[in-house]
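Take a look at the letters that make up each chain.
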Amino acid sequence: MQPEIKIGRSAAKRVGYPADEIFSGHLPGRCVPLEPDNRQRFTDLSFNVSFQLNNSPVKKLFVSSREGWVFQVNYSTGSLECIFRLHESSINSLMINPGFCVTGSDDKFVRVWPLEFTDFYLQVQFMSSVHSVDVSADGLSVLVGTVDGCLGILDMQSSRYRTILRSHTGKIQSVAMDMENEQFTTVSEDGSIRIWSLKDHLQAYQFDCKIEGKILTTTYVPGSADVIACGFSGGKVRIFNVKNPGQDIEYHQHSKDVIGLQCSPDGRLRACIAYFKEDSDSSVLVGINLKTLQRVSSPTNIGKNL
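Residues numbered from 1 in each chain as written. Predicted model: local features only at pLDDT ≥ 70, side-chain atom pairs only at ≥ 80, totals over all residues. Heavy atoms only, no water.

**Q** Honestly, the nonpolar core in this entry has me stumped. Any pointers?
**A** Soluble globular proteins: nonpolar side chains tend toward being buried together. With 14 residues, the main nonpolar core has V102, V110 and V142 as its most contacted residues. Within the residue set of this core, elements represented by two or more residues are β9 (109-113), β10 (122-125), β11 (130-135) and β12 (141-146). In terms of residue count, β11 provides more of this core than any other element does, three residues in total. Ignoring any residue separated from it by four or fewer positions in sequence, one finds V102 in contact with S93, L94, M95, V110, R111, V112, V133, V135 and V142. By size, the runner-up hydrophobic cluster in this structure holds 13 residues, among which are V187, F207, C209 and F232. (Core = buried A, V, L, I, M, F, W, Y, C linked by side-chain atoms within 4.5 Å. Buried < 20%, exposed > 50% of the residue type's maximum accessible area, 1.4 Å probe, protein only. Helix = DSSP H or I, 4+ residues; strand = E, 2+ residues; numbered from the N terminus. Contact = heavy atoms within 4.5 Å.)

Spelled out as structure tokens, the structure:
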């Protein structure tokens, strides 16, 4: 029994299907048999049409899988012609044009292949998994989207990559403005802290927090564009230098969520106050030396003086 692909009448008319198939409201499908033990989870597909010497078209269908394989199918006969292992991880996106094939994978690579798939002739590694690729009509540019919220263009002639958009991939929990230095900071459920320029809204820095808990709030330390404080679920407060991440310090005085941070306007020391959801009296005031980023007074003693 052949599978059926349901299609609307208006869609069928636009692509020029025969009248009897339009009238029936569905199109017949065709199964491509695989080996019994060749169980694959398919992720994407793309078509390619080439021409023989007598100008007769040769239609190919390429299908990618989560196991890193690409299946080449003869569209006219429905037969499986070749199988290629192109990545070690899932191929999330596949795009064919008349001259080459582009694949994007969970292994963080984008690879450009000849249609014979003998070996890739261009490879670019990204910071996170690649979930989408597309090729311009002239074949000179490849659009790449990654899991960490970046979108960029790969120039096929120069082999250079340019990021055109960055974004969070989760809910933004807090925003802190620094008008003096014309920048702002956002923290998100995706676990990243990003610093942006107020002039052009481009991302200047990004930090991925590996500690336990979600980032719930952030603030700038007054008088310094390089030091910010972040509050986390579970009671942690982290203060770090943007340009020198190795100087980070971290406090874990409470077990409840830190949902707000403030800093005093004092010139020598900065005080960070952590507020907690379930107990309004559970606050902590910590003095910080900006030069060394070291705690200079006990949060317990200072808290008693509030």
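**Q** Explain the packing of aromatic side chains to me, please; I cannot follow it from the model alone.
**A** By convention here, two paired aromatic rings are described through the distance between centres and the angle between planes. Summed over the entire model, instances satisfying the criterion amount to nine aromatic pairs. Judged by centre distance (6.5 Å) and plane angle (15°), the ring pair of Y205 and F207 falls under stacked. For F207, a relative accessible area of 15% translates into the label buried. Taken together, the ring pairs connect F62, F84, W113, F117 and F120 into an aromatic cluster. When the ring centre of F109 is taken as origin, the NZ or CZ atom of R111, which lies over that ring, is 5.0 Å away. (Phe/Tyr/Trp six-rings, centres within 6.5 Å; stacked < 30°, edge-to-face > 60°. Lys NZ or Arg CZ within 6 Å of the ring centre and 35° of its normal.)

**Q** Looking at this model, I keep getting lost on the pairing of β12. Mind explaining?
**A** Across a regular strand the side chains alternate sides, sitting on one face of the sheet and then on the other. Pairing between β11 and β12: five bridges, direction antiparallel. Across the sheet, the residue bridging to S132 is G145, located in β12. Here five bridges tie β12 to strand β13 (residues 150-155), and the two strands are oriented antiparallel to one another. For L143, the partnering residue across the bridge sits in β13 and is I153. Linkage of β12 to β13, two consecutive antiparallel strands, is achieved through a turn of three residues, within which G149 is found at a positive phi near 90°. (Pairing = 2+ DSSP bridges.)

**Q** Would you mind showing me how to read the sheet that holds strand β16 (residues 183-188) here?
**A** Two pairing modes exist for strands in a sheet, parallel and antiparallel, and in both the strands are linked by backbone hydrogen bonds. Strands sit in the order β15-β16-β17-β18 across an open sheet of four strands; the sheet is antiparallel. A single partner strand is all that each edge strand has here, and the edge strands are β15 (172-178) and β18 (203-208). Shown here is a sheet whose adjacent strand axes are inclined to one another by a mean of 15°, direction ignored. As defined by bridge partners, strand β17 (residues 192-197) adjoins β18 across five bridges and the pair is classed as antiparallel. Directly across from S192, in β18, lies its bridge partner D208. (Axes fitted to C-alpha atoms, helices over the stretch in contact; angles between N-to-C directions.)

**Q** Help me out: how do you make sense of the sheet that holds strand β20 (residues 227-232) in this one?
**A** Strands sit in the order β19-β20-β21-β22 across an open sheet of four strands; the sheet is antiparallel. On the outer flanks of this sheet lie β19 (215-220) and β22 (249-252), each paired with one strand and no other. Each strand axis lies, on average, 15° off the axis of its neighbour in the sheet, ignoring direction. Two strands pair when backbone bridges link them, and strand β21 (residues 236-241) and β22 are joined in this way by four bridges, in the antiparallel orientation. Among the inter-strand pairings, R238 is bridged to a residue of β22, identified as E250.

**Q** How should the layout of surface pockets be read in this particular structure?
**A** Unfilled space is identified by rolling a water-sized probe across the atoms. Here the second largest pocket is characterised by a volume of approximately 390 Å³. Looking at the second largest pocket, it is lined by 19 residues, and the ones nearest its centre are M127, S128, D148, Q206 and D208. For the lining of the second largest pocket, the secondary-structure elements that each account for two or more residues are β10, β14 (160-166), β17 and β18. (1 Å grid on protein atoms, 1.4 Å probe; cavity = no way out; pocket = protein on both sides within 12 Å on 5 of 7 lines; lining within 4 Å. Points joined across faces, edges and corners; volume = space filled by probe spheres on them.)

**Q** Before we go on, may I ask you to explain the pattern of salt bridges in this structure?
**A** Pairs can form between side chains of opposite charge whenever their charged atoms are close. Enumeration over the complete set of coordinates arrives at five salt bridges. One salt bridge in this structure joins R41 and E67, with 2.9 Å as the shortest N-O distance. Remark: E67 occurs in the loop between β4 (57-65) and β5 (69-74) and R41 occurs in the loop between β2 (26-28) and β3 (42-51); sequence separation between them is 26 residues. Judged by relative accessible area, R41 falls into the partly exposed class, the value being 45%. (Salt bridge = Lys/Arg side-chain N within 4 Å of Asp/Glu carboxyl O.)

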